[in-house]
Amino acid sequence: MTDIITGAVALGLVWAIVTIGVWITYRILDFPDLTIEGTIVAGAATSAILMTHGVSPLLCLLASFGVGALCGLITGILHTQLKIPALLAGILTGIGLYSINIRIMGNTSNLSLLGTRTLIDRFANLRGIKAILGLGIFENVVNKQNLAAIILVGVVVVMVIALCTWFLRTSYGCSVRATGSNPDMARAQGINIDAAKIVGLMLSNALVGLGGSLLTQYQSYSDVQMGIGSIVIGLASLIIGEVLFGKSSTLRSLIAVAFGAILYRAIIALVIQAGMRATDLRLFTAITVAIALFSPTAIQQVKLLRGRVKRRGDAGL
Amino acid sequence: MLVCKNLSKTFYPGTANERRALCNVNLSLRRGEFVVIIGGNGSGKSTLLNVVSGAILSDAGRIYIDKQDVTFLAEHKRARLIGRVFQDPMLGTAASMTIEENLALANRRGKTRGLGSGVTRTERVQFREMLRPLELGLEDRLTARVGLLSGGQRQALTLLMASLRDPKVLLLDEHTAALDPKTAAKVQEISLQLVREHKLTTMMVTHNMGDALRFGDRLIMMQEGRIVFEAQGPEKQALTVPDLVEKFVAVGSEVIA
């Protein structure tokens, strides 16, 4: 059981990075970006192929980050320069990436990293980390690899949250937020909203690419299908996080969204454990997202009705 | 300061919906001049403001601001020369951002936006001082999200943002039309205060004839894309609402006063 939990947390942390990417487009830019279904694979494929060629896994993270930014750039150009609607621009890039991703992996649809030492392997073998993993409190955890992944990816998530919080508070970050919040106002205040959208999309997709790299290093394989449904997983995590942990400030939203991703993975792990078929997961996710999207409305309705009932009581009726 | 030369704009040319919004309009504003524009719906007033701000490209003619030809300058680049307040209070501010962040966005108009702090400490002090005279209590709510403010408060904030970088031209497009009479009067008062204080060259579109007579150095009436009547100085001061209604009828415009 502890292994199931640590596995879910480790995977959840990896997905937290992807979810933060989704949050930037969906919440900050108000741009429903479907590019990420392709971007996550592009990040994974880039890291996988580089690692099989012996490139340092740390460099692979950077490479995937860069490739992700490039994917965002393409969608950004399609949308702002060719005036293609947001949803369609993302779908087009995503579909095109399918072919590119197979090429990146050397004309195969999946690539195994078995026998390659990933960042997580290397990290787990660091002397200090080994000592921590050997501590008494972790004796129930059989899979030390998960534990190492939690520490490593946890640090990356904290760095990503810090980066995003900082960026969105800078002068340029504010203009990206204004572009998403009110494009008319942004233009009237002299903001080049096309550029701001492209920068936002690049940052978002760069993070998704980074997530893809960590995912492939955690799973020790890359598959061209691994991105399917990622936007829905990202949205589910995002909304679960916001509903449960709030969104009163940028930092709070980011932390909430990261916890949402972990919680989502935990829920999935539990329902699988309880005997749900793996092929039913998509349906389960779709229903979860629908409920999560409805919940803010539902909560408001209940509050409204309660208020009415209460007032009626006060009036002595 | 602002020169419009032979401006023309036709919407949906060559279709059944063809509409001539601007027809060879010539207009020039002296530095610090306050021009009020009135006219019926579809008379071209808003189109004129949109062409000046760069939201719409005219079919013909030229626009000069402070002797610089801005006819083809992109809207966001022109923004450093122009302050704008829209009719819809929701349009002028970013609801999900705080009061100070909105002001800081406006304070960086025409400057490069880099990776420095979005709102600096000196700005915070400056904003508080600027908000105080509005007497809306906003100076103590710098970190409140603008979405929480009322329409009047948002419009007052937009005005402040528009005048923040001493624009060469201030464009007010029926900016009090969506407010209740009391709030509208307050926002009008703030507008006047800012225009005077910064000696702003201003174009104000309004449907309120009382406002049109009370404010501004010059009054312009538009009809079917043309300037059909103009009055300034003592001539404008002598005008009354019935005079204006008469003018409207004379040019064949429907009046709902």
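Residues numbered from 1 in each chain as written. Chains lettered and ligands numbered in written order. Predicted model: local features only at pLDDT ≥ 70, side-chain atom pairs only at ≥ 80, totals over all residues. Heavy atoms only, no water.

Participant: How would you explain the interface of chain B and chain A if you had to name every residue and give the values?
Facilitator: A common way to report how large an interface is uses the accessible area buried once the components associate. Across the boundary between the two partners, chain B contributes 28 residues, which contact 23 residues of chain A. Carbon and sulfur atoms supply 54% of the area that chain B and chain A bury against each other, a total of about 2000 Å² over both sides. In terms of surface lost to chain A, no three residues of chain B exceed His-76, Arg-113 and Leu-115 of chain B, which account for 28% of the buried area on that side. Linking chain B with chain A are two salt bridges. With its nearest N and O atoms 2.8 Å apart, the salt bridge here joins Arg-177 of chain A to Glu-101 of chain B. At the boundary of chain B and chain A, one finds 14 residue pairs in polar contact (both at pLDDT 80 or more). If you list the elements that add at least two residues to the side of chain B that touches chain A, you get helix 2 (75-78), strand 6 (82-85) and helix 3 (99-107) of chain B. The biggest single contributor to the side of chain B that touches chain A is helix 3 of chain B, with four residues. (Contact = heavy atoms within 4.5 Å. Buried area = accessible area lost by both parts, 1.4 Å probe. Salt bridge = Lys/Arg side-chain N within 4 Å of Asp/Glu carboxyl O. Polar contact = N/O pair within 3.5 Å; in protein donor to acceptor, adjacent residues only side chain to side chain. Helix = DSSP H or I, 4+ residues; strand = E, 2+ residues; numbered from the N terminus.)

Participant: With reference to specific residues and values, describe unusual backbone geometry.
Facilitator: Residue Asp-30 of chain A is not a glycine yet carries a positive backbone phi of 55°. Tracing the backbone shows Asp-30 of chain A in the loop between helix 1 (2-28) and helix 2 (36-52). Unlike most non-glycine residues, Asn-24 of chain B shows phi in positive territory, near 55°.

Participant: Please set out the confidence of the model for chain B residue by residue, giving values where relevant.
Facilitator: For any part of a model where pLDDT is low, the fine detail of the predicted coordinates should not be relied upon. Residue and element names in this part refer to chain B. Residues of chain B with pLDDT of at least 70 account for 98%, and the chain-wide mean is 90. Confidence, read as mean pLDDT per element, is least for helix 9 (residues 241-250) in chain B (83) and greatest for helix 3 (96). Among the scores for the predicted complex, ipTM is 0.88 and pTM is 0.90. (pLDDT = per-residue confidence, 0-100.)

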